[in-house]
Amino acid sequence: MAEAHQAVGFQFTVTPDGIDLHLSREVLKHIYLSGVTSWRKRAIRFKNGILTGVYPASPSSWLIVVIAIMSTIYARIDPSLGMIDTIKRTLSVSGYMTVQTQTVLSAILFATGLWLSLILMLRYTLKTLLSYHAWIFESHGKISFCTKLWLSLVKMFSGRRPLLYSFQTSLPRLPVPSVDDTITRYLESVRPLLDDEQYNQMEVVANDFKKDQAPKLQKYLILKSWWATNYVSDWWEEYIYLRGRSPIMVNSNFYAMDLLYVTPTHRQAARAGNAVHAMLQYRRKLERGEHAPLRALGVVPMCSYQMERMFNTTRIPGIETDFVQHLSDRKHLVVYHKGRFFKVWLYYGGCHLWPSELETQFQMILNDTTEPQPGELKLAALTAGNRVPWARARLKYFSQGANKASLEAIETSAFFLTLDDEVHGYDPDKLGSLDLYAKSLLHGKCYDRWFDKSFTLIAYKNGKLGVNAEHSWADAPIIGHMWEYVLATDCFHLGYTEEGHCKGDINKGLPPPTKLQWDIPLECEEVIEDSYMVAKVIADDVDFHGCLFDEFGKGLIKKSRTSPDAFIQLALQLTLTTQYTIKSAADKHQNMYRLAMTGSGIDRHLFCLYIMSKYLSIDSPFLKQVLSEPWRLSTSQTPQQQLNMVDIKKFPRYVGAGGGFGPDSYRFGQNIRQAMLDIRALFDQKDKKEKEKEM
């Protein structure tokens, strides 16, 4: 419709007198505004690219260096130790270049070289400082003098007002751990899981590997680490995620929840309008690189690479392996509602649609009473089932005609939106409401989320929101960062009218949503139904229990000088094994995850050694055994309040429940609460004994 709307602005007829052109001023105005917006965006990206390229210096610092060097020349002082004269001799004097011009140009060239050298020196110094990891291993609440000094130096060399990618060239490479350390830590970690005979056998194969195959594999791995900044990430993405042929729904995708206790409006279209507008604001800052980089302790910068593919990204299925398709600056959104797919334009006249305009678009879709086309209702189930049938169906049934155009509209969209026809969210008066909410976000009806999109925004009938995210392109904290921004912007910046509608005027000239057209044959409908049945078996097998624990939080845990992550892990393990531990188990876990954070973890190193052995056709019984072990418990966590956009002490009800992956059993979840209380009691006893000793 948008293309048709613009086409009517340019018409021509052929007459005996020639060609009669009809131009619409309104359309020409929007074409002009779109062009202005596009060039403005390019200019901002170019400017920010320069700022990032010269960081931690600034373009103005170049001028300062040039002025300083020019001043020394006029004072007849040569700080270049003869280099300016050498540059002058290489510049030929002609009618266009006098001796004075030659001197000035030589000084500018020297100053520029000096300025670039200083930038490289600052970056190398910062990279060296960031290679220091002792701060991670210090006790909670205690900072040594060395670490305080180190933090001051990092802050000093980090410059001012960094952009999102300013630190990328200053981050150290991921180090390759020694084989001896990795094998030692691995044997320590599996010792409680093996009996004496099994452990002795594991020791034998581990020592054989360390002596025979490991040295060659390690050399090649070190060579790769010199060439790539991260020797793990590309193989991890390809072999752990993209080459997996099983369904990604539940098994890989994860979800994020809305605010628990607050629903700013119960109007579905309005809540979706504000959320989509906030996402567009976030995307604009992301594309310009204007977000502040995440920094541990507010000082230590973290890699921002994964944020690049948050929007305009789709996992494309393949027979042997999938691939991640990332595009730039997509201007439309695809919306699913009651079995129909709609295309919604996000820009008009070169500007984002306002929340009120987006609300109107989404309300049109909600009011649409047309029936789904044959095969359209469960079409998205193709993304929920096994990957090979979906890849073959895509090649056979979606490579031409209306099906190709409609599929391209989905795969090239900024992201995917589901206007869900169910009611979900946390309700303290409704038993199991959090369980059903999480299950809906995790898999829905198996055909009402496009699981291949980088993320699907889900808006429920009662105004609650949620996100289902594909995992191969990034880790959960990346989505968590964006989601916290969206929720805070929605509630505290955009807001709603008293009637619950989005604020702002409405442009009645906006083109309405376009219904995607499909021509799906019966054979393809059978493939869709098969994928749906595979996905439904997985969804029905999900046994989820959401546990709201409000007896205490991470603040109390940190007072015991223990990591909240270690505390939760112990609660999970205690629930699984029903065996009580001492605090040393928490310390051990804490040390293990700190080693992983500094690049000395076990699984990534062993995984890369295994991949290298396959490339070199080296058979290793040790690596085979390690990589084939079934793990009974797999846990993960997403940090909350990364942006600190909401003061939780001031607004205690504006808190979310985070998100999660495919869970374990209901009984397991029920017992975690008691395990956490038991562990707290153990810590309290230990703290009491320590205080008694001090007295």
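Each chain has its residues counted from 1, following the order in which its sequence is written. Reporting in this predicted model follows two pLDDT cut-offs: at least 70 for local features of residues, and 80 or more for side-chain atom pairs to be given and counted; totals over whole chains, interfaces and linings ignore these cut-offs and use all residues. By convention in this description, side-chain values take in all heavy atoms of the structure and omit both hydrogens and water.

Turning our eyes to something else, we now look at the nonpolar core. Definition of nonpolar core: a set of buried residues of the types Ala, Val, Leu, Ile, Met, Phe, Trp, Tyr and Cys, connected through side-chain atoms within 4.5 Å. When a residue's accessible area, from a 1.4 Å probe over protein chains only, is under 20% of the maximum for its type it is buried; when over 50% it is exposed; and in between it is partly exposed. Counting 53 residues, the largest nonpolar core has Val276, Phe362, Leu417 and Phe455 as the members making the most contacts within it. Ranked by the residues each element gives to this core, the list is headed by helix H16 (residues 476-494), at ten residues. Whether two residues touch is decided by their heavy atoms; if any such pair falls within 4.5 Å, the residues are in contact. For Phe455, the contacting residues outside a window of four places in its chain are Met279, Met310, Phe311, Phe415, Phe416, Val467, Asn468, Ala469, Ile479 and Met482. Counting 45 residues, the second largest nonpolar core, distinct from the first, contains Ala380, Ala438, Leu442 and Tyr532. Elements are defined by DSSP. Helices are runs of H or I of four residues or more, strands are runs of E of two residues or more, and each kind is numbered from the N terminus.

Along an α-helix, a turn takes 3.6 residues, which lines up residues three or four apart on a common side. The terminal C-alpha atoms of helix H3 (residues 59-74), which comprises 16 residues, lie 24 Å apart, in line with the 22 Å expected from a rise of 1.5 Å per residue. All of the buried residues along H3 are Ser61, Val65, Val66, Ile69 and Met70. Packing partners of the buried residues in H3 comprise helix H4 (83-90) and helix H5 (99-130). Following H3 by one or two positions, Arg76 adopts a phi angle in the positive range, close to 60 degrees. Take the number of residues in a helix, subtract one, and multiply by 1.5 Å to get its expected span.

Within 6.5 Å between ring centres, the rings of Phe, Tyr and Trp (the latter by its six-membered ring) count as paired, and their orientation is classed by plane angle as stacked under 30 degrees, edge-to-face over 60, tilted in between. A complete count under the given rule lists 28 aromatic pairs for this structure. Ring centres of Trp236 and Phe607 lie 5.0 Å apart, and the angle between their planes is 80 degrees; on these two criteria the pair is classed as edge-to-face. Here the residue Trp236 occupies a position in helix H10 (residues 233-242), and Phe607 occupies one in helix H21 (residues 603-615), the gap between them amounting to 371 residues. In this pair, the class of Trp236 matches that of Phe607, namely buried.

On to H10, then. Within the span of H10, buried status applies to Trp235, Trp236, Glu237, Tyr241 and Leu242. In the core, the buried residues of H10 are packed alongside helix H9 (214-227), strand E6 (313-316), strand E7 (323-326) and H21.

A few words on the pairing of E7. Criterion used throughout: strands pair if DSSP finds at least two bridges between them. In terms of strand pairing, E6 meets E7 through four bridges, oriented antiparallel. Paired with Thr313 across the two strands is His326, which belongs to E7. Remark: six residues form the turn of the hairpin made by E6 and E7, two consecutive strands paired antiparallel.

Two strands in a sheet stick together by hydrogen bonds in their backbones, pointing the same way (parallel) or opposite ways (antiparallel). What the eight strands build is an open sheet, ordered E15-E9-E8-E12-E13-E14-E3-E16; its pairing is mixed. With partners counted over all chains shown, the strands left at the sheet margins are strand E15 (514-515) and strand E16 (659-660), one partner each. As defined by bridge partners, strand E3 (residues 254-257) adjoins E16 across two bridges and the pair is classed as antiparallel. Paired with Tyr255 across the strands is Gly660, a residue of E16. On top of the sheet, helix H12 (residues 355-367) reaches strand E8 (332-337), strand E9 (340-345) and strand E12 (416-419); it is set at about 30 degrees to E8, its chief contact. Note on geometry: axes are lines fitted to C-alpha atoms, helical ones only across the stretch in contact, with angles between N-to-C directions running from 0 to 180 degrees.

Okay, the pairing of E12 next. Where burial is concerned, the two faces of E12 agree: the one with Phe416 and Thr418 and the one with Leu417 and Leu419 are both buried. Inspection of the sheet shows E8 paired to E12 by three bridges, in the parallel sense. In the strand pairing of E12, Tyr336 is matched with Thr418. Taken together, the four bridges between E12 and strand E13 (residues 455-459) define a ladder with parallel strand orientation. Directly across from Phe416, in E13, lies its bridge partner Thr456. Seen with the strands pointing away from the viewer, any crossover whose path from the first strand over the helix to the second strand runs clockwise is right-handed. Between E12 and its parallel partner E13, the chain crosses via helix H15 (residues 433-442), and the hand of that crossover is right-handed.

Along the chain, the position of Ala206 falls in helix H8 (residues 196-211). Judged by its relative accessible area of 0%, Ala206 is buried. Sequence spacing of Ala206 and Gln625 is 419 residues, and the spatial spacing of their C-alpha atoms is 10.0 Å. Excluding residues within four positions of it along the chain, Ala206 makes contact with Ile183, Leu187 and Phe622.

What follows covers the confidence of the model for the protein. pLDDT is defined as a per-residue confidence score from the predictor, taking values between 0 and 100. Residue-level pLDDT values for the protein average 85, and 85% of them are 70 or greater. Contacts of residues 1-9 to residues separated by more than four positions or lying in other chains number 15 contacts, the stretch itself having pLDDT below 50. Within the model, the stretch residues 664-672 combines pLDDT values under 50 with 20 contacts to residues more than four positions away or in other chains.

The topology assignment puts Asp420 in the loop between E12 and H15. Apart from residues lying up to four places away in sequence, Asp420 is in contact with Gln268, Ser440, Asp448, Arg449, Ile458, Ala459, Tyr460 and Lys461.

Here the focus is the pattern of salt bridges. Definition used for salt bridges: Asp or Glu carboxyl oxygen within 4 Å of a side-chain nitrogen of Lys or Arg. This model, assessed by the stated rule, comprises 24 salt bridges. Here Asp368 makes a salt bridge to Arg340, at a shortest N to O gap of 3.0 Å. Placement of Asp368 in the loop between H12 and helix H13 (387-397) and of Arg340 in strand E9 is noted, with a sequence separation of 28 residues between them. Notably, a salt bridge pairs Asp603 with Arg604, separated by 2.7 Å at the nearest N-O pair. A relative accessible area of 44% places Asp603 in the partly exposed class. Within this structure, Arg245, Arg315, Asp322, Arg387, Asp452 and Glu470 form a network of salt bridges that share partners.

Right, let's talk about unusual backbone geometry for a bit. Cis geometry is found at the peptide bond from Tyr55 to Pro56, where omega equals 15 degrees. Inspection of the secondary structure puts Pro56 in the loop between helix H2 (25-54) and H3. Of note in the backbone geometry, Asn312 takes a positive phi value of approximately 60 degrees without being a glycine. Mapped onto the elements of the fold, Asn312 is located in the loop between strand E5 (300-301) and E6. Under the relative-accessibility criterion, Asn312 is labelled buried at 3%. Despite not being glycine, Ser617 has its phi angle at roughly 55 degrees, a positive value. Take Ser617: it is sitting in the loop between H21 and helix H22 (621-627). The class for Ser617 is exposed, based on a relative accessible area of 68%.

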